[in-house]
Amino acid sequence: EDQVTQSPEALRLQEGESSSLNCSYTVSGLRGLFWYRQDPGKGPEFLFTLYSAGEEKEKERLKATLTKKESFLHITAPKPEDSATYLCAVRVNRDDKIIFGKGTRLHILP
Amino acid sequence: DGGITQSPKYLFRKEGQNVTLSCEQNLNHDAMYWYRQDPGQGLRLIYYSQIVNDFQKGDIAEGYSVSREKKESFPLTVTSAQKNPTAFYLCASSSVTGRNTIYFGEGSWLTVV
């Protein structure tokens, strides 16, 4: 069964304390992996798309990486405004379905 | 600005009523989606459409209906058959070829009163 699992469920960091969020997946064929940021009461905001193992994308304090089994979202020297829920999703080759993880709630303390 | 517009932002439904959530996109995307988001459960797919006049059920389609008469529009009706409709509803769209990232609207809150 195709599955996407994000960990940890929640993470509290001090401002400036770097860390990584994990998205592991078991799918029949990966067509793309997506990262989103979601603020409370808002729709998910697109961050990155990754297509093949070894690929990396960066945007400000965020860097996404992809292996054959998982993706990491690295956050470097985070600020309180980086607090949000981060969602991972995969698009599956077989039926073009998009499967979402349950997200990681990130809270950055000033 | 290009994007996806959902309306209304907040909607209240009485027991036994049908309500319709609007979703319009000007991204020229062929595919459109409706998701439901509940606390701690992530996003669950209700319906999706890859072309005008055609749509498929997602994982939780019971109690919902959709139409796709225009490429830009994909309204969702929450019927009285949906027993637990209180949730945050998200509309999304993507192209069906190439780098088909999925983009989301701002969401609609539906509450049963």
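Residues numbered from 1 in each chain as written. Chains lettered and ligands numbered in written order. Predicted model: local features only at pLDDT ≥ 70, side-chain atom pairs only at ≥ 80, totals over all residues. Heavy atoms only, no water.

Caption draft 1: Just the overall build of chain B, in detail. Along chain B, the regular secondary structure elements total zero helices and eleven strands. Put simply, chain B runs from its N terminus to its C terminus through helices and strands in the order β-β-β-β-β-β-β-β-β-β-β. Over its C-alpha atoms chain B spans a radius of gyration of 13 Å, differing by no more than 12% from the 13 Å that the globule rule assigns to 113 residues. Here the C-alpha coordinates of chain B stretch approximately 40 × 25 × 25 Å along the principal axes. In chain B, which comprises 113 residues, the proportion classed as buried is 49%. Taking all contacts inside chain B whose residues are at least 6 apart in sequence as the whole, residues at least 24 apart take part in 52%. Surface summary for chain B: the accessible area is close to 5500 Å², and the carbon and sulfur share equals 48%. (Helix = DSSP H or I, 4+ residues; strand = E, 2+ residues; numbered from the N terminus. Rg over C-alpha atoms; globule rule 2.2 N^0.38 Å. Buried < 20%, exposed > 50% of the residue type's maximum accessible area, 1.4 Å probe, protein only. Contact = heavy atoms within 4.5 Å. Areas by Shrake-Rupley, 256 points an atom, 1.4 Å probe, with all protein chains shown as cover.)

Caption draft 2: Quick peek at the interface of chain B and chain A. Contact residues are listed per partner, giving 23 residues for chain B and 21 residues for chain A. In this assembly, chain B packs against chain A so that about 1700 Å² is buried in total across both faces, 49% of it on carbon and sulfur atoms. At the boundary of chain B with chain A, the tally comes to zero salt bridges. The interface formed by chain B and chain A holds eight residue pairs in polar contact (both at pLDDT 80 or more) in total. Breaking the side of chain B that touches chain A down by element, the ones donating at least two residues are strand 4 (31-38), strand 5 (42-51), strand 9 (87-94) and strand 10 (103-104) of chain B. Taken together, the residues that form the side of chain B that touches chain A break down as ten nonpolar, nine polar and four charged. (Buried area = accessible area lost by both parts, 1.4 Å probe. Salt bridge = Lys/Arg side-chain N within 4 Å of Asp/Glu carboxyl O. Polar contact = N/O pair within 3.5 Å; in protein donor to acceptor, adjacent residues only side chain to side chain. Nonpolar A, V, L, I, M, F, W, Y, C, P; charged D, E, K, R; others polar.)

Caption draft 3: Looking closely at unusual backbone geometry. All names here are of chain A. Omega for the bond connecting Ser7 with Pro8 falls within 30 degrees of zero, at -10°, which places this linkage in the cis form. Its location among the elements puts Pro8 in the loop between strand 1 (3-7) and strand 2 (10-14). Despite not being glycine, Ala77 shows a phi value in the positive range, around 45°. Examined against the element boundaries, Ala77 turns out to sit in the loop between strand 8 (70-75) and strand 9 (84-92). Looking at Ala77, the relative accessible area reads 37%, which means it is partly exposed.

Caption draft 4: Region of interest: the sheet that holds strand 6 (residues 56-59) of chain A. Residues and elements named next belong to chain A. Taken together, five strands build an open sheet; the order of strands is 1-3-8-7-6 and the sheet is antiparallel. Strand pairing shows two members of the sheet lacking a second neighbour, strand 1 and strand 6, which therefore form its edges. Strand-to-strand, the axes of this sheet are offset by a mean angle of 15°, without reference to chain direction. (Pairing = 2+ DSSP bridges. Axes fitted to C-alpha atoms, helices over the stretch in contact; angles between N-to-C directions.)

Caption draft 5: Representation of a nonpolar patch on the surface in the model. A cluster of nonpolar side chains, Tyr10, Phe12, Trp109 and Val113 of chain B, forms an exposed patch at the surface whose accessible area comes to about 460 Å². Among the residues examined, Tyr10 of chain B registers a relative accessible area of 54% and is labelled exposed. (Patch = residues over 30% accessible without salt bridge, like charges linked within 9 Å, V, L, I, M, F, W, Y side chains within 5 Å.)

Caption draft 6: The arrangement of the environment of Leu110 of chain B in detail. Residues and elements named next belong to chain B. Following the sequence through the fold, Leu110 ends up in strand 11 (residues 108-112). Placed 100 residues apart in sequence, Leu110 and Tyr10 show a C-alpha to C-alpha distance of 6.1 Å. Dropping the residues within four chain positions of it, Leu110 is found in contact with Leu11, Arg13, Val19, Val78, Pro85, Thr86, Ala87 and Tyr89.

Caption draft 7: The arrangement of the pattern of salt bridges in detail. All names here are of chain A. Applying the stated rule across the entire model yields seven salt bridges over all chains. As a salt-bridge pair, Arg37 and Asp39 come within 3.0 Å of each other at their nearest N and O atoms. Judged by its relative accessible area of 25%, Asp39 is partly exposed. Where Arg61 meets Asp82, a salt bridge forms, and the shortest distance between an N and an O atom there is 2.8 Å. Of the two residues, Arg61 sits in the loop between strand 6 and strand 7 (62-66) while Asp82 sits in the loop between strand 8 and strand 9, which places them 21 residues apart along the sequence. Residue class for Arg61 comes out partly exposed when judged on its relative accessible area of 22%.

Caption draft 8: Inspection of the state of the cysteines at higher detail. For the coordinates displayed, the defined rule picks out two disulfides over all chains. Across a sulfur-sulfur distance of 1.9 Å, Cys23 of chain A and Cys88 of chain A are joined as a disulfide pair. One quick way to see it: the torsion about the S-S bond of Cys23 of chain A and Cys88 of chain A is about -60°, and its sign makes the bridge left-handed. Of this pair, Cys23 of chain A sits in strand 3 (residues 19-26) while Cys88 of chain A sits in strand 9, and the two are 65 residues apart along the sequence. In this structure, Cys23 of chain A and Cys88 of chain A share a single accessibility class: buried. Residue pairing for Cys23 of chain B: its cysteine sulfur links by disulfide to Cys91 of chain B, the two sulfurs lying 1.9 Å apart. Its S-S torsion of about -75° marks the bond between Cys23 of chain B and Cys91 of chain B as left-handed, since a negative value means left-handed. (Disulfide = S-S within 2.5 Å.)

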